[in-house]
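So the chains spell out like this:
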Amino acid sequence: MSTKKRCVVVGYGGMGGWHVRHILAAGVIDLAGVYDIKAERLELARENGIYAYPSFEAVLADQTVDFITIATPNEWHKPLAIAALEAGKHVICEKPVTLSTEELDEIIAVANRTGRLFTAHQNRRWDPDYQMVRIAYKSGKLGRVTNIESRYQGSRGIPGDWRGKKEHGGGMIFDWGIHLIDQMLGIVEDLAIKRVYCHCDHITNDEVDDGFKLDLYWEGGLITRIEVGTTNFISLPRFYIAGVDGTGIVADWKDTCRLVLCRSWEDRDATPVVTAAGFTKTMAPRDEKTTYEEIIERPVVDVHNFYRNFADAIDGKATQIVTHAQLRRSMRIMEAAFASDAIGAPVDFADSPTCDRVI
Ligand code: NAD
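How each quantity is defined
Residues numbered from 1 in each chain as written. Predicted model: local features only at pLDDT ≥ 70, side-chain atom pairs only at ≥ 80, totals over all residues. Heavy atoms only, no water. Helix = DSSP H or I, 4+ residues; strand = E, 2+ residues; numbered from the N terminus. Buried < 20%, exposed > 50% of the residue type's maximum accessible area, 1.4 Å probe, protein only. Polar contact = N/O pair within 3.5 Å; in protein donor to acceptor, adjacent residues only side chain to side chain. 1 Å grid on protein atoms, 1.4 Å probe; cavity = no way out; pocket = protein on both sides within 12 Å on 5 of 7 lines; lining within 4 Å. Points joined across faces, edges and corners; volume = space filled by probe spheres on them. Nonpolar A, V, L, I, M, F, W, Y, C, P; charged D, E, K, R; others polar. Axes fitted to C-alpha atoms, helices over the stretch in contact; angles between N-to-C directions. Parallel < 35°, antiparallel > 145°, perpendicular 65-115°, else oblique. Left-handed = near helix turned anticlockwise from the far one by under 90°. Contact = heavy atoms within 4.5 Å. Salt bridge = Lys/Arg side-chain N within 4 Å of Asp/Glu carboxyl O. Core = buried A, V, L, I, M, F, W, Y, C linked by side-chain atoms within 4.5 Å. Domains from an automatic or database assignment.

### Details of the side chain of Glu189
And then number 1: Mapped onto the elements, Glu189 comes out in the loop between α7 (172-187) and β7 (193-201).
And then number 2: On the basis of relative accessible area, Glu189 is assigned to the buried category, the value being 10%.
And then number 3: From its side chain, Glu189 meets the backbone nitrogen of Arg357 in a polar contact 3.3 Å long.

### Overview of the layout of surface pockets
And then number 1: There is about 1200 Å³ of room inside the largest pocket.
And then number 2: Forming the boundary of the largest pocket are 47 residues, of which Met15, Asp161, Trp162, Arg163 and Asp175 lie nearest the centre.
And then number 3: Only α1 (14-26), α4 (77-86), β6 (145-153), α7 and β9 (223-229) provide two or more residues apiece to the lining of the largest pocket.
And then number 4: Tallied by class, residues from the lining of the largest pocket come to 18 nonpolar, 17 polar and 12 charged.
And then number 5: If you go around the second largest pocket, you meet 16 residues; those closest to its centre are Tyr240, Gly246, Thr247, Val260 and Thr291.
And then number 6: Residue assignment for the lining of the second largest pocket shows that the elements contributing at least two residues are β10 (239-243), β11 (246-250) and β12 (257-262).
And then number 7: Among the elements that take part in the lining of the second largest pocket, β12 stands out by supplying five residues, more than any other.
And then number 8: When the residues that make up the lining of the second largest pocket are grouped by side-chain class, the tally is eight nonpolar, five polar and three charged.

### What about the packing of helix α5 (residues 101-114) against helix α9 (residues 324-343)?
And then number 1: For the pair α5 and α9, interaxial distance at closest approach is 10 Å and the crossing angle is 165°. With respect to α9, the element α5 is oriented roughly antiparallel. Crossing angle aside, the handedness with which α5 passes α9 is left-handed. The segment α5 lies against α9, with Thr101, Leu104, Asp105, Ile108, Ala111 and Asn112 engaging His324, Leu327, Arg328, Met331, Arg332 and Glu335.

### Some details on the pattern of salt bridges
And then number 1: Counted by the stated rule, this structure contains 24 salt bridges.
And then number 2: For the salt bridge of Lys95 with Asp175, the shortest nitrogen-to-oxygen distance reads 3.4 Å. Taken together, the positions of Lys95 in the loop between β4 (90-93) and α5 and Asp175 in helix α7 put the pair 80 residues apart, joining distant regions of the chain. Across the pair, exposure class does not vary: Lys95 and Asp175 are buried alike.
And then number 3: In this structure, Glu227 engages Arg225 in a salt bridge whose closest nitrogen and oxygen atoms are separated by 4.0 Å.
And then number 4: The exposure class of Glu227 is buried, given its relative accessible area of 9%.

### Brief notes about the nonpolar core
And then number 1: Ranked by size, the top nonpolar core spans 101 residues in total, and within it Ile68, Phe118, Ile148, Ile187, Val196, Leu214 and Trp218 carry the most contacts.
And then number 2: It is α7 that provides the largest number of residues to this core, a total of nine residues.
And then number 3: Mapping this core onto the domain boundaries places at least three of its residues in each of domain 1 (5-121) and domain 2 (125-302 + 332-348).
And then number 4: With near-sequence residues (within four places) excluded, Val196 lies in contact with Leu214, Asp215, Leu216, Ile333, Ala336, Ala337, Ser340, Ala345, Pro346, Val347 and Phe349.

This is the structure we're talking about:
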């Protein structure tokens, strides 16, 4: 008999299909089946040779199922997670884990009481672009880092599905912001956030944010910007990281990370350049001999380690990679972002860094 953990994917839509493929590819989990509220999605599952559970209750009643992965629209995450934990299942939930810290705390309380695992699918911890900037920050080569910018910009507007509706937990902060916030907390592990300032865009959607600019002010003076746009026909770089002794850039998510590092602060003479209104020496590029370049290559990553870790965590052989404390911290940042947008001003943020990230 197989010793693999058995999983049911709840919500067989776009991301549910991703989970089905990747659960199997991870090699340590058996797919027991899927469940979706839409009959046509269940029919599609059958056509794809996947067992389709007739109801969510049938999933919970199946004693052979170890855990479920929730891949429904966001407003369903809390009730489905709590019902599954109460039924003795472990739970992986898609991001954003919930729509508020209050909801998240309710789930964590049930997970603690039932002794079941609960985590969220922060799969973008395995993105090479993020990992390269994390390496750059931690290398110390940039000197004191003064600002980091992380962006995703598209030009196709906010998707026309549930993501455009507040009642479903739509909007770009919940959709993309959570990934970029989680990544920023993985880059800057050593500092606490002091203030949060956010502006939400409503360019094509009045109901939810269709883009945003979120600035985090950290202890010691570091400022980080997280920006998502859906009406950007030209994109700014994916990542930009600046320190006193160097600058790094990941121009596009497919690229390597290019560092330009300072060889000598003293030897910084430059030939003036002509700008619109005249000469400038301050803004002239440095003489090339005072700087040098390094490339951080794209690391080889395996996103299936998320599922492998979860299977090991069920057996008590590993600690879950995405912890409750990390989920609470990023959820509180999103709440602070909404609060800041509502008043049009920065809000204070009570924080302590969590330094237990393994990825
Ligand atoms: P989708 O609309 O493509 O699919 C959602 C599916 O859930 C639909 O088939 C729908 O019928 C079903 N559903 C709705 N309510 C349900 C319920 N109560 N019980 C069972 N099934 C139900 O949406 P999607 O793009 O797959 O997004 C689903 C979730 O995955 C969201 O939370 C989203 O934020 C997340 N997501 C994560 C990533 C990632 O990279 N981690 C990427 C995309 C989406």
